[in-house]
Amino acid sequence: MLRPMTQTTDFGFREVPRDAKASMVREVFDSVAPRYDVMNDLMSLGLHRAWKQAFVAAIGAGASDTLLDLAAGTGDVAFLAKKRGAGRVILADINAAMLGVGQGRALEKGLASGLDFVCCDAEHIPLPSRSVEKVSMAFGLRNCTDKDAVLREGFRVLRPGGRMHVLEFSKLEVAALRPLYDAWSFKALPAIGQRIAQDGDSYQYLAESIRMFPDQPTLAGMFEAAGFERVAYRNLSGGIVAIHTGWKL
Ligand SMILES: C[S@@+](CC[C@H](N)C(=O)[O-])C[C@H]1O[C@@H](n2cnc3c(N)ncnc32)[C@H](O)[C@@H]1O
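Residues numbered from 1 in each chain as written. Predicted model: local features only at pLDDT ≥ 70, side-chain atom pairs only at ≥ 80, totals over all residues. Heavy atoms only, no water.

Here we come to the nonpolar core. Core analysis: the biggest nonpolar cluster contains 30 residues, and Trp 51, Leu 167, Phe 169 and Val 241 have the highest contact counts within it. Of all elements in the fold, only helix 3 (47-59), helix 4 (76-83), strand 4 (88-93), helix 5 (96-109), strand 7 (158-169) and strand 9 (241-247) reach the threshold of two or more residues within this core. Residue contributions to this core peak at 5 residues, all from helix 4. Among the nonpolar cores identified, the runner-up in size contains 27 residues, and Cys 144, Val 157, Phe 228 and Val 231 belong to it. (Core = buried A, V, L, I, M, F, W, Y, C linked by side-chain atoms within 4.5 Å. Buried < 20%, exposed > 50% of the residue type's maximum accessible area, 1.4 Å probe, protein only. Helix = DSSP H or I, 4+ residues; strand = E, 2+ residues; numbered from the N terminus.)

Listed below in structure tokens is the structure:
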């Protein structure tokens, strides 16, 4: 089901013109790219590494699979997938600065072969229909203006029998923990961002964007609306993040 198109969208807690969001998100990641990896460790207390390990294990890309990793950023998911035996991995991201850090890391790790880098918007993937076996997206969907379009594009480029996986911040299962989580997100994260990356505003946006993201059942419904079947999700760390999956059958 297509939703009605409005002229504004959320940018964290702010309403902004739809056509302004992508460039505002780009500015955020231009700003955070050089310190992105160290900030990820600090902000998640290292948990993002375990979440990504679980995510890549769930993707299960084999040697004959092409994995398209949307919002690939600095390459964590792609490198883990390669280490676990994935064939070709395409790293796609709207931000050249993030992909540039990823390319440098791939060279350092000796992982450059079998990796392709594509600078593009996940809402308009420059790949033919039915061309990849797996599509993944970690911590990227909440930054996109038209999340339904991203899911439709993921569905389009998958071959029949392929599967899409999304790892994203979600809603805590235990409501009593929310005040503590809010204090961490809205007080500690911007302060750490200001201190380490001299950019409290970007980290304020990241915290706000997490709160604005659809909860687990809503995102599952969006997968179904995009055409996916056997849609499922799994909470990690009590719902701080969730892995959603759907098949193209
Ligand atoms: C929080 S980072 C996640 C990076 C990586 N997947 C990870 O888990 O470390 C979000 C990424 O989404 C990218 N992004 C934002 N909007 C996008 C869009 N419309 N299309 C593709 N990538 C986008 C940003 O440039 C950034 O690299």
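Structure's up, so let's keep going.
As a further point, take the packing of aromatic side chains. Tallied over the entire structure, the rule returns 7 aromatic pairs. Pairing Trp 51 with Phe 139 gives two aromatic rings, centres 6.3 Å apart and planes at 55°, and the pair type is tilted. Separated by 88 residues along the polypeptide, Trp 51 in helix 3 and Phe 139 in the loop between strand 6 (132-138) and helix 6 (147-157) bring together distant segments of the chain. The class of Trp 51 is buried, set by a relative accessible area of 5%. Residues Phe 139 and Phe 169 carry aromatic rings whose centres are separated by 4.9 Å and whose planes lie at 40° to one another, so their mutual orientation is tilted. A residue pair is termed long-range when its members are at least 10 positions apart, and Phe 139 in the loop between strand 6 and helix 6 and Phe 169 in strand 7 qualify at 30 residues. Like Phe 139, the residue Phe 169 is buried in the burial classification. For the cation-ring pair, Lys 248 lies above Phe 155, with the distance from its terminal atom to the ring centre recorded as 4.9 Å. (Phe/Tyr/Trp six-rings, centres within 6.5 Å; stacked < 30°, edge-to-face > 60°. Lys NZ or Arg CZ within 6 Å of the ring centre and 35° of its normal.)

Here we come to helix 7 (residues 178-197). Of all bends in helix 7, the biggest is about 35°, found at Ala 188, and the proline Pro 190 comes one to four residues later. Tyr 181, Ser 185, Ala 188, Leu 189, Pro 190, Ile 192, Gly 193 and Ala 197 are the residues of helix 7 that are buried. Contacts from the buried residues of helix 7 go to helix 2 (36-44), strand 7 and helix 8 (200-212). Gln 198, located one to two residues past helix 7, shows a positive phi value of around 50°. (Bend = angle between axes of the 7 residues up to and from the residue. Contact = heavy atoms within 4.5 Å.)

Within the fold, Ser 185 resides in helix 7. Judged by its relative accessible area of 2%, Ser 185 falls in the buried class. At 2.8 Å, the side chain of Ser 185 forms a polar contact with the backbone oxygen of Tyr 181. Ignoring anything within four residues of it in the chain, the contact list for Ser 185 reads Pro 190, Ala 207 and Arg 211. (Polar contact = N/O pair within 3.5 Å; in protein donor to acceptor, adjacent residues only side chain to side chain.)

Once that is clear, we can look at the pairing of strand 9. Burial analysis of strand 9 places 6 of its 7 residues in the buried class, the great majority of the element. Bridging between strand 7 and strand 9 involves 7 bridges; their strand directions are antiparallel. Residue pairing across strands places Val 166 opposite His 244, the latter belonging to strand 9. Relative to strand 9, strand 8 (residues 229-236) is paired through 6 bridges, and the arrangement is antiparallel. For Ala 232, the partnering residue across the bridge sits in strand 9 and is Thr 245. Between strand 8 and the antiparallel strand that follows it, strand 9, lie 4 residues; Ser 237 among them carries a positive phi value of about 50°. (Pairing = 2+ DSSP bridges.)

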